[in-house]
Amino acid sequence: MRSLPGVLGAAAPVHVAPMAGGPSTPALVSAAGRAGHLAQLAGGYLDADALAAQVAAVRSSGTGAFGVNLFVPAPVPIDDGVYEAYRAELEADAGRPLPPKHEDDDAWSDKVGLLLDDPVPVVSFTFGLPAASVVGEFRRRDVLTVQSVTSVPEARAAAERGVDVLLVQGEAAGGHSAVLDAAATPAPEPLQDLVRRVTAAVRLPVVAAGGLGTADAVRDQLDAGAAAVAVGTAVLRTDEAGTSATHRAALTDRAFDRTVVTRAFTGRPARSLANAFTRAHPDAPLGYPALHHLTRPIRSEAAAAGDPHRLHLWAGRGWRAATDGPVADALAALLP
């Protein structure tokens with residue numbers, strides 16, 4: 001088993017998780033790296049050219065080790081009739097037409113090709129398991145490979161594909177759940193218990209993630225056997241994050257008092273602050289990425305208009321602990 005800190009080149013055991021859709025900027029990744037924390041760019045929703053530009057920006061900053069996260073194609077089919085029914089429901093609320101059904105693979109092959117041709121230190125995978133041949137090609141280029149998992153069976157399956165590290169995500173995590181089966185939701189199990197079970201079952205280094213907002217919570221995961229932790233919500237309010245002003249404001253608004261796991265925004269389970277949209281569509285269907293594309297105009301308009309009640313307010317259970325200021329300070333406060 002290789003030493004995780006040694007392979008990653010980051011001394012601090014608190015990493016910054018990739019957050020697709022805007023928060024994970026090159027500035028965030030670079031600032032975290034300069035402070036000794038591994039951080040990853042979020043390749044999800046970017047085309048290969050946009051991802052290449054972000055990689056170049058991080059490299060030009062002088063940051064050492066960093067990573068890129070990719071969404072493995074794991075489509076969740078949705079029946080045409082079910083899609084149209086949900087579209088009609090949302091159009092009635094929005095008062096305007098919304099996009100017809102669209103599916104894609106998030107430019108998977110293009111982005112894999114980019115990162116094989118121009119390797120970065122770390123590549124991680126979410127939503128699905130990459131083919132063993134893909135993992136092998138990255139490892140042959142001395143790229144550390146990381147797979148997000150939410151259970152012991154998923155961890156075993158990832159190990160069989162040959163990855164180097166497991167990112168063990170608990171159910172308290174903000175944003176999308178990394179479950180390989182989108183019809184499932186993680187069991188309400190304390191993260192440290194899940195870490196113990198995974199480390200007992202699979203001999204790979206583990207990074208723990210999900211709802212961590214204090215140094216004591218970080219220490220619990222390290223004591224349970226994790227080599228490091230990864231945080232996302234904890235840095236959403238930092239200066240370098242690309243979090244929208246609307247989302248930032250909601251994270252400190254006492255009107256938002258709980259999180260829920262919802263499919264309403266993207267058709268995959270994700271943890272968000274409860275708002276009018278999640279309350280209006282509690283029984284939203286499964287269907288990714290079709291529903292992600294369907295609701296994107298609603299979410300974009302809400303962010304621009306300062307309307308938090310039609311926006312995906314991704315947040316883990318520890319959102320109250322998130323602070324503003326430099327990301328280096330936020331991460332330093334989490335060191336055990």
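Our structure's up above, just so we're on the same page.
Keep in mind that this is a model prediction, so the values were computed, not measured.

Participant: Even after reading the chapter, I still don't get the packing of aromatic side chains, so can you show me in this structure?
Facilitator: Taken as a whole and judged by the stated rule, the model has seven aromatic pairs. Aromatic pair Tyr-45 and Phe-71: ring centres 5.3 Å apart, planes at 80°, arrangement edge-to-face. Residue Tyr-45 is found in the loop between strand E2 (40-42) and helix H3 (48-60), and its partner Phe-71 is found in strand E3 (residues 67-71); the two are separated by 26 residues along the sequence. Consider the rings of Phe-265 and Trp-314, whose centres lie 5.8 Å apart with planes at 90°: the pair is edge-to-face. Of this pair, Phe-265 sits in the loop between strand E10 (259-262) and strand E11 (270-273) while Trp-314 sits in the loop between helix H12 (290-305) and helix H13 (327-332), and the two are 49 residues apart along the sequence. Overall, Phe-265 belongs to the buried group, its relative accessible area being 1%. For Trp-314, a relative accessible area of 15% translates into the label buried. Three or more aromatic residues joined by ring pairs form one cluster here, namely Tyr-45, Phe-71, Phe-127 and Tyr-288. Lying across the ring of Phe-127, Arg-268 places its NZ or CZ 4.1 Å from the centre.

Participant: Can you help me understand the sheet that holds strand E6 (residues 165-169) in this one?
Facilitator: Neighbouring strands of a sheet are bound in pairs by backbone hydrogen bonds; such pairs are parallel or else antiparallel. Sheet architecture is open: eight strands sit in the order E1-E9-E8-E6-E5-E4-E3-E2, paired in parallel fashion. Two strands in the sheet have a free side with no partner beyond their single neighbour: strand E1 (14-16) and E2. For this sheet, the mean inter-axis angle between neighbouring strands, taken without regard to orientation, is 30°. Across three bridges, the pairing between E1 and strand E9 (residues 228-231) is parallel. For Val-14, the partnering residue across the bridge sits in E9 and is Val-229.

Participant: Explain the nonpolar core here, please?
Facilitator: Where a protein is soluble and globular, its nonpolar side chains tend to be buried together. If you look at the biggest cluster of nonpolar residues, it comprises 66 residues, and the most contacted ones within it are Phe-138, Leu-166 and Val-168. Core analysis: the second largest hydrophobic core is formed by 15 residues, Tyr-83, Leu-98, Leu-291 and Leu-294 among them.

Participant: Help me understand helix H6 (residues 132-140), please; the structure alone is not making it clear to me.
Facilitator: Side chains three or four residues apart in an α-helix point the same way, a direct result of the helix having 3.6 residues per turn. Those residues of H6 that fall on the buried side of the exposure criterion are Val-134, Val-135, Gly-136 and Phe-138. Along its buried surface, H6 packs onto helix H5 (108-117), strand E4 (122-126), strand E5 (144-149) and helix H7 (152-161). In the stretch just after H6, Asp-142 is the one whose phi turns positive, near 65°.

Participant: In this structure, what is going on with the sheet that holds E10? I would like to understand it.
Facilitator: With antiparallel pairing, three strands are arranged side by side in an open sheet as E7-E11-E10. The sheet is open, and its two edges are formed by strand E7 (175-176) and E10, each paired on a single side. Where E7 meets E11, two bridges bridge the pair, whose relative direction is antiparallel. Paired with His-176 across the strands is Ala-270, a residue of E11.

Participant: Sorry, what's going on with unusual backbone geometry here?
Facilitator: Negative phi values dominate among residues other than glycine, just as trans dominates among peptide bonds. Going from Tyr-288 to Pro-289, the amide bond is cis rather than trans, its omega being 5°. Relative to the elements of secondary structure, Pro-289 occurs in the loop between helix H11 (276-280) and H12. Positioned with a positive phi, Phe-127 is a non-glycine residue whose angle comes to about 85°. Structurally, Phe-127 can be placed in the loop between E4 and H6.

Participant: Help me understand helix H2 (residues 26-34), please; the structure alone is not making it clear to me.
Facilitator: Buried residues dominate H2, accounting for seven of its nine residues. Of the surrounding secondary structure, the elements contacted by the buried residues of H2 are E1, E2, H3 and H13. Just beyond H2, the residue with positive phi is Gly-36, at close to 95°.

Participant: I'm lost on the packing of helix H4 (residues 80-94) against H12 in this one. Help?
Facilitator: The description of two helices packed together rests on the angle between their axes and the distance between the axes. Between H4 and H12, the least distance of the axes is 11 Å, while the angle of their chain directions is 10°. Classified by the interaxial angle, the pair formed by H4 and H12 is roughly parallel. Listed contacts from H12 to Tyr-83, Tyr-86, Arg-87, Leu-90 and Ala-94 of H4 are Ala-290, Leu-291, Leu-294, Thr-295 and Ile-298. For the contact of H4 with H12, the class distribution of residues is eight nonpolar, one polar and one charged.

Participant: Is there a simple way to think about the environment of Phe-71 in this case?
Facilitator: Here Phe-71 falls in the buried class, since its relative accessible area comes to 10%. In sequence terms Phe-71 and Ala-332 are 261 residues apart; their C-alpha atoms lie 29 Å from each other. Filtering out sequence-adjacent residues up to four positions away, Phe-71 remains in contact with Ala-20, Gly-44, Tyr-45, Asp-106, Trp-108, Thr-126, Phe-127 and Tyr-288.

Participant: Looking at this structure, I do not really get the pairing of E11. What am I missing?
Facilitator: Within a regular strand, side chains alternate between the sheet's two faces. For E10 and E11, the ladder comprises four bridges, and the chain directions are antiparallel. The partner of Thr-259 across the bridge, within E11, is Leu-273.

What counts, and where the lines are drawn
- Residues numbered from 1 in each chain as written.
- Predicted model: local features only at pLDDT ≥ 70, side-chain atom pairs only at ≥ 80, totals over all residues.
- Heavy atoms only, no water.
- Phe/Tyr/Trp six-rings, centres within 6.5 Å; stacked < 30°, edge-to-face > 60°.
- Helix = DSSP H or I, 4+ residues; strand = E, 2+ residues; numbered from the N terminus.
- Buried < 20%, exposed > 50% of the residue type's maximum accessible area, 1.4 Å probe, protein only.
- Lys NZ or Arg CZ within 6 Å of the ring centre and 35° of its normal.
- Pairing = 2+ DSSP bridges.
- Axes fitted to C-alpha atoms, helices over the stretch in contact; angles between N-to-C directions.
- Core = buried A, V, L, I, M, F, W, Y, C linked by side-chain atoms within 4.5 Å.
- Contact = heavy atoms within 4.5 Å.
- Parallel < 35°, antiparallel > 145°, perpendicular 65-115°, else oblique.
- Nonpolar A, V, L, I, M, F, W, Y, C, P; charged D, E, K, R; others polar.

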